[in-house]
Amino acid sequence: MRYLHTMIRITDVDASLEFFCTKLGMKEVRRIENEKGRFTLIFLAASHDENQGRNESAPLLELTYNWDPEPYPGGRNFGHLAYEVDDIYQTCQDLMDKGVTINRPPRDGYMAFIKSPDGISIELLQKGAAREEAEPWASMPNSGSW
Ligand SMILES: C[C@@H](O)C(=O)SC[C@H](NC(=O)CC[C@H](N)C(=O)O)C(=O)NCC(=O)O
Ligand code: NI
């Protein structure tokens, strides 16, 4: 069995693509418009090495947009989506520069949390060993919950 994707329901396509693609660097690889079911599915791949191309076997993120608004009461049973990054400090700085709140800053040089426009927690983990402790991250307080 191969893990294919995680699906999250979104309330705003433009805001979600701005967050996941423009700010987080993911790529849209497939889109399905279902007139009968009145929904759109958008599949995103995590950013990839420009030289190696996309890792075709890597799991995708499936965004489901229902054309008719409905409530999505958030349950604590869903935790987060996790992505590995080459440099947790640079990634968080780039995201902050693009206006993203770092809810849980990488004080430990290893783990940070942000949230999608619909409040889905996104975990960012340093690839390999944790980075050396560095300011401003070491003394940066949390911003809300994640
Ligand atoms: C393409 C494949 O990866 C799917 O996930 S299709 C599954 C299908 N999705 C929908 O019908 C989308 C619209 C629906 N109103 C919804 O919000 O899910 C489906 O069976 N969804 C039900 C589910 O619980 O995922
Ligand atoms: Ni699916």
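Look up: the structure comes first, before these words.
About the cut-offs
- Residues numbered from 1 in each chain as written.
- Chains lettered and ligands numbered in written order.
- Predicted model: local features only at pLDDT ≥ 70, side-chain atom pairs only at ≥ 80, totals over all residues.
- Heavy atoms only, no water.
- Phe/Tyr/Trp six-rings, centres within 6.5 Å; stacked < 30°, edge-to-face > 60°.
- Helix = DSSP H or I, 4+ residues; strand = E, 2+ residues; numbered from the N terminus.
- Buried < 20%, exposed > 50% of the residue type's maximum accessible area, 1.4 Å probe, protein only.
- Lys NZ or Arg CZ within 6 Å of the ring centre and 35° of its normal.

Peer 1: Mind showing me how you'd approach the packing of aromatic side chains here?
Peer 2: Here a ring pair, both rings aromatic, is described through the centre-centre distance and the interplanar angle of the planes. This structure, assessed with the given rule, holds three aromatic pairs. Aromatic pair Tyr89 and Trp137: ring centres 5.9 Å apart, planes at 5°, arrangement stacked. With a gap of 48 residues between them, Tyr89 in helix α2 (residues 88-97) and Trp137 in the segment after β7 (121-126) connect regions that are remote in the sequence. When its relative accessible area of 7% is taken as the criterion, Tyr89 is described as buried. Residue classification places Trp137 among the buried residues on the basis of a relative accessible area of 4%. Above the ring of Phe43, the side-chain terminus of Arg30 is found at 5.1 Å from the ring centroid.

Peer 1: Is there a simple way to explain the environment of Glu56 in this structure?
Peer 2: Mapped onto the secondary structure, Glu56 falls in the loop between β3 (39-45) and β4 (60-66). For Glu56, a relative accessible area of 59% corresponds to the exposed category. The sequence separation of Glu56 and Ala45 amounts to eleven residues, and the corresponding C-alpha distance is 8.8 Å.

Structural measurements only, silent on function.
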